[in-house]
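Descriptive structure summary
The chain contents come next:
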Amino acid sequence: MMRLSRTNRTALAEWWWTVDRLTLLAIGLLISLGMVLTLAASPAVAMRLHYPPFHFVYKQLLFLLPSLMILVGVSLLTVKQIRRLAVFVFAGAFFAMILTLLVGPEMNGAHRWILIGPFALQPSEFIKPAFIVIAAWMFAEAHRLPGFPGTAVAVALYVMVISVLALQPDFGQLMLITMVFGAIFFMAGLSWVWIGSLGTAALAGLMAAYMLMPHVASRIDRFVNPAGGDTYQIDTALDAFHAGGIFGRGPGEGEVKQILPDAHTDFIFAVAAEEYGVLAGLLIIGLFAFIVMRTLSRAMEEQDLFIQYSSCGLVALFGLQALINMAVNVNLIPAKGMTLPFISYGGSSLFAVSLTMGMLLALTRRRAGSHVPMPSGWGVVA
């Protein structure tokens, strides 16, 4: 059996000794928890839909192997290859998003999916990490080459993406991309003119969405005034947290999965809290927080601006999506149809999150001369 020693010069051995193994471990734990919770939450949903009890479990297992291949395969790439991959994925995903408007089926009043045989693919999931990497690249090039229109290119790509998302419509993904893009823009040192312009545009977009999109207005109204509309799903999720207590009701003993239609996707965090207790919820939160903080710590040591911007943007995308999902479950923000990364059921989500974290692992690998030693006490370094 091949040993992955430090003297071994194979690509796999080099990857093993340069990749952030603690982040890789945390990702592995999230994937494992995701399979356990899919097994807990999905049989009840499957039977309500007249499928065999383990229909969603088997499908998630089917999605898992290619997801792991994507995660590890992408993390083996060089920085230059990550940029090329981002351009290729962005072009393909953007074209597929246009197709969803033309030939995609309508689901819950939106056109977000492309049917490929028995599978449904959501292209907007894949455009997110690709766009973040390209935007980071443009901002970094604008700093490196005075006069290069990197900022203008990044803003133009952002407008293209959110325009298609608004047409689908997918307000949740639009807001997520906007927040992450704003974070990268802030890191890149945006001027007060850009701050005022983007802030005004964001406020105008939010007001337009409220006035022109009934489903957005309905969700905001129900959040502000719960007595004025149907809050059944949120109320049921909150009941699950109360019923679970500290240690939970026990594996398989939860009731929320029997009545919530999205128990295996949007509300899987509530299932975890009911069956395994607040401690399980804190463990999940802790794993997400660890990945975010560890990545930010490593990014602070990087000399390459592109690696700084892109790794921070990718981990912000990952962390904000998790935060939004969990915040919806405990009624801190209006409801949004957003999965919990690596935990919720779904092929598109699992593939796209694996792509995101594969890119992140590739960008944060230790390369000779790529980082600056940090002062004592700053961050955790393997």
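Bear in mind that the values here come from a model prediction, so they are computed numbers and not experimental data.

Focus: helix α4 (residues 79-103)
Note: α-helices contain 3.6 residues per turn, so residues at a spacing of three or four share the same orientation. For α4, which comprises 25 residues, the first-to-last C-alpha distance of 36 Å matches the rise-based estimate of 36 Å (1.5 Å per residue) to within 8%. Residues Val79, Ile82, Arg83, Ala86, Val89, Phe90, Ala93, Phe94, Ala96, Met97 and Thr100 constitute the buried set of α4. Buried residues belonging to α4 abut α3 (55-75), β1 (114-116), α5 (123-144), α6 (150-167), α13 (305-329) and α14 (347-363).

Considering unusual backbone geometry
Cis peptide bonds are those with omega within 30 degrees of zero, and the linkage from Gln168 to Pro169 qualifies with -15°. Considering the arrangement of structural elements, one finds Pro169 in the loop between α6 and α7 (171-187). One non-glycine residue with positive phi stands out, namely Asn331, at about 65°. As for its placement among the helices and strands, Asn331 is situated in the loop between α13 and α14. Although it is not a glycine, Phe342 sits at a positive phi angle of roughly 70°. Relative to the helices and strands, Phe342 is located in the loop between α13 and α14.

Topic: the side chain of Gln321
Relative to the helices and strands, Gln321 resides in helix α13. A distance of 3.2 Å separates the side chain of Gln321 from the side chain of Thr339, its partner in a polar contact. Discounting chain neighbours no more than four positions away, the residues touching Gln321 are Lys128, Leu176, Met338, Thr339 and Pro341.

Some details on the packing of helix α10 (residues 232-244) against helix α12 (residues 268-299)
A packed helix pair is summarised by two numbers, namely the angle formed by the two axes and the spacing between the axes. Interaxial distance between α10 and α12 falls to 7 Å at its minimum, and their mutual angle equals 20°. With respect to α12, the element α10 is oriented roughly parallel. α10 and α12 meet at a crossing whose hand is left-handed. Residue-level contacts link Ala237, Ala240, Phe241, Ala243 and Gly244 of α10 to Phe269, Ala270, Ala273, Glu274 and Gly277 of α12. Residues belonging to the contact of α10 with α12 are distributed by class as follows: 7 nonpolar, 2 polar and 1 charged.

Some words on the environment of Cys312
Tracing the backbone through its elements, the reader meets Cys312 in helix α13. Between the C-alpha atoms of Cys312 and Thr236, which are 76 residues apart in sequence, the distance is 35 Å. When neighbours within four sequence positions are excluded, Cys312 is seen to be in contact with Met187, Leu296, Ala299 and Ile307.

Thoughts on the pattern of salt bridges
Applying the stated rule across the entire model yields 9 salt bridges. One salt bridge connects Asp170 with Arg112, and the closest N-O pair in it is separated by 4.0 Å. Of this pair, Asp170 sits in the loop between α6 and α7 while Arg112 sits in the loop between α4 and β1, and the two are 58 residues apart along the sequence. The shortest N-O distance in the salt bridge between Arg366 and Glu301 comes to 3.3 Å. With Arg366 in the segment after α14 and Glu301 in the loop between α12 and α13, this residue pair connects regions lying 65 residues apart in the sequence. The exposure class assigned to Arg366 is buried, which follows from its relative accessible area of 18%. Judged by relative accessible area, which is 3%, Glu301 ranks as buried. What you see here is one network of salt bridges that share partners, running through Asp20, Arg294 and Arg298.

Rules and cut-offs
Residues numbered from 1 in each chain as written. Predicted model: local features only at pLDDT ≥ 70, side-chain atom pairs only at ≥ 80, totals over all residues. Heavy atoms only, no water. Helix = DSSP H or I, 4+ residues; strand = E, 2+ residues; numbered from the N terminus. Expected span 1.5 Å × (residues − 1). Buried < 20%, exposed > 50% of the residue type's maximum accessible area, 1.4 Å probe, protein only. Contact = heavy atoms within 4.5 Å. Polar contact = N/O pair within 3.5 Å; in protein donor to acceptor, adjacent residues only side chain to side chain. Axes fitted to C-alpha atoms, helices over the stretch in contact; angles between N-to-C directions. Parallel < 35°, antiparallel > 145°, perpendicular 65-115°, else oblique. Left-handed = near helix turned anticlockwise from the far one by under 90°. Nonpolar A, V, L, I, M, F, W, Y, C, P; charged D, E, K, R; others polar. Salt bridge = Lys/Arg side-chain N within 4 Å of Asp/Glu carboxyl O.

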